[in-house]
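# Fold and geometry: a report
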Amino acid sequence: MTLRTLGEHACHGGTQGFYAHESRTCGTEMRFSVYRPPQAQAGRVPVLWYLAGLTCTEETFATKAGAQRFAAQHGLMLVAPDTSPRLRLPGDDLAWDFGLAAGFYVDATVAPWAAHYRTYSWITAELPELIAAHFPAEPARQGVMGHSMGGHGALTLGLRHPDRYLSVSAFAPIVAPMQVPWGQKAFAGYLGEDRSRWAEHDATALVVRRPRRDSLRIDQGSADTFLEKQLKPELFLAAAEQAGQPVEYHLREGYDHGYYFIQSFIAEHLAFHAQRLL
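In this text, all values refer to a predicted model and were calculated from it rather than measured experimentally.

## A closer look at the sheet that holds strand β1 (residues 4-11)
Consider a sheet: its strands pair through backbone hydrogen bonds, and that pairing is either parallel or antiparallel. In spatial order, the strands read β1-β2-β3-β5-β4-β6-β7-β8-β9; together these 9 strands make up an open sheet with mixed pairing. Looking at strand neighbours, the two that pair on one side only are β1 and β9 (247-252), the edges of this open sheet. Mean inter-strand twist for the sheet, computed between neighbouring axes without regard to direction, equals 20 degrees. Strands in contact with helix α9 (residues 233-243) are β8 (216-221) and β9; relative to β9, the strand with the most contacts, it is inclined by about 155 degrees.

This is the structure:
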């Protein structure tokens, strides 16, 4: 698999890079970022995947979260995929919460999205192969985290693949997409009306059937304007308690939905992952 380097920058003793490749899964060029910590110069290191939220790209986390400093301390490689294909499809820019930058980490089954919007398979199958081939990543030690739409992705990937992702955390995740407007719009558009397909990408539905043995971590801001209508963490917490799934839930007083919130607690999240991956 060929790799195109878009840019690389020295950062906290390591390298922050931005890359692209022709994806056979998505049928178009896909982009992602990788932070290689200084420890990667001596051998393979654990990989922490970061899934971004609506409107974001592969650059958002790398430029706004301030995570590289702590990844360098722990020796974690950070991989942040783009949030959707970037080829143009009819109607892909009519709304900010569907289409471009809003792939929702699913494999679409409805035309025209089905041919290209396959970010679930890209992130779980094709991209890890490319990362292992071109970067000093340790495939046996992987964790996943995300924000908002990406928090939904992190929780669902972690619940569906507990043997692959050894640690899972999220900032302000969409935990019950089948029950909120963002998720209902995306799932109907990408997956059609078969709600059994929806349930495979809904953390609240998944945790009842597939709880993990280890603890999940979720941070949520109390001043998040999306909290009551779109996020509804209480739905996931109730389902997790029913299933016996441990959850470290932190409600952060006064914090909103943005990257100032993520910056404030990213060190704790990376320490959470490092404890499990190292």
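## Some points on the nonpolar core
With 87 residues, the main nonpolar core has Ile131, Tyr190 and Leu270 as its most contacted residues. When neighbours within four sequence positions are excluded, leucine 270 is seen to be in contact with Leu48, Ala67, Phe70, Ala71, His74, Leu76, Leu78 and Met145.

## Quick notes on helix α5 (residues 181-191)
Looking only at α5, the buried set comprises Trp182, Gly183, Ala186, Phe187, Gly189, Tyr190 and Leu191. Elements that come into contact with the buried residues of α5 comprise α4 (149-160), α6 (195-199) and α8 (227-231). Phi turns positive one or two residues past the end of α5, at glycine 192, with a value near 80 degrees.

## A look at the pairing of strand β4 (residues 45-51)
Along β4, 7 of the 7 residues are buried, which leaves the element largely enclosed by surrounding structure. Judged from the 6 bridges that link them, β4 and strand β6 (residues 137-147) form a sheet pairing that is parallel. Bridging from a neighbouring strand, tryptophan 49 pairs with valine 144 of β6.

## Remarks on the environment of tyrosine 35
Within the secondary structure, tyrosine 35 sits in strand β3 (residues 28-36). Note on tyrosine 35: relative accessible area 0%, which makes it buried. Residues tyrosine 35 and leucine 76 lie 41 residues apart in sequence; the distance between their C-alpha atoms is 8.4 Å. Among the polar contacts listed, one links the side chain of tyrosine 35 to the backbone oxygen of cysteine 11, at a separation of 2.8 Å. Of the polar contacts made by the side chain of tyrosine 35, one reaches the backbone oxygen of histidine 12; its length is 3.4 Å.

## Some words on the pattern of salt bridges
If you walk through the whole model with that rule in mind, you get 19 salt bridges. Residues aspartate 194 and arginine 197 are paired through a salt bridge, measuring 4.0 Å at the closest nitrogen-oxygen approach. Judged by relative accessible area, which is 35%, aspartate 194 ranks as partly exposed. With a shortest N-O distance of 2.9 Å, aspartate 219 and arginine 252 are connected by a salt bridge. Pair noted here: aspartate 219 is in strand β8 and arginine 252 is in strand β9, with a separation of 33 residues, a long-range link. Each of the two residues, aspartate 219 as well as arginine 252, counts as buried.

## Overview of the packing of aromatic side chains
Throughout the structure, instances matching the rule amount to 17 aromatic pairs. Their ring planes at 25 degrees and their centres at 5.7 Å tell us that tyrosine 117 and tyrosine 190 sit as a pair that is stacked. With a gap of 73 residues between them, tyrosine 117 in the loop between β5 (77-81) and α3 (119-134) and tyrosine 190 in helix α5 connect regions that are remote in the sequence. Assessed through its relative accessible area of 0%, tyrosine 190 is described here as buried. Taken together, the ring pairs connect Phe98, Trp113, Tyr117 and Tyr190 into an aromatic cluster. When the ring centre of phenylalanine 265 is taken as origin, the NZ or CZ atom of arginine 252, which lies over that ring, is 4.0 Å away. Note that arginine 276 overlies the ring of phenylalanine 272, its terminal NZ or CZ placed 3.7 Å from the centroid.

What counts, and at which threshold
Residues numbered from 1 in each chain as written. Predicted model: local features only at pLDDT ≥ 70, side-chain atom pairs only at ≥ 80, totals over all residues. Heavy atoms only, no water. Pairing = 2+ DSSP bridges. Helix = DSSP H or I, 4+ residues; strand = E, 2+ residues; numbered from the N terminus. Axes fitted to C-alpha atoms, helices over the stretch in contact; angles between N-to-C directions. Contact = heavy atoms within 4.5 Å. Core = buried A, V, L, I, M, F, W, Y, C linked by side-chain atoms within 4.5 Å. Buried < 20%, exposed > 50% of the residue type's maximum accessible area, 1.4 Å probe, protein only. Polar contact = N/O pair within 3.5 Å; in protein donor to acceptor, adjacent residues only side chain to side chain. Salt bridge = Lys/Arg side-chain N within 4 Å of Asp/Glu carboxyl O. Phe/Tyr/Trp six-rings, centres within 6.5 Å; stacked < 30°, edge-to-face > 60°. Lys NZ or Arg CZ within 6 Å of the ring centre and 35° of its normal.

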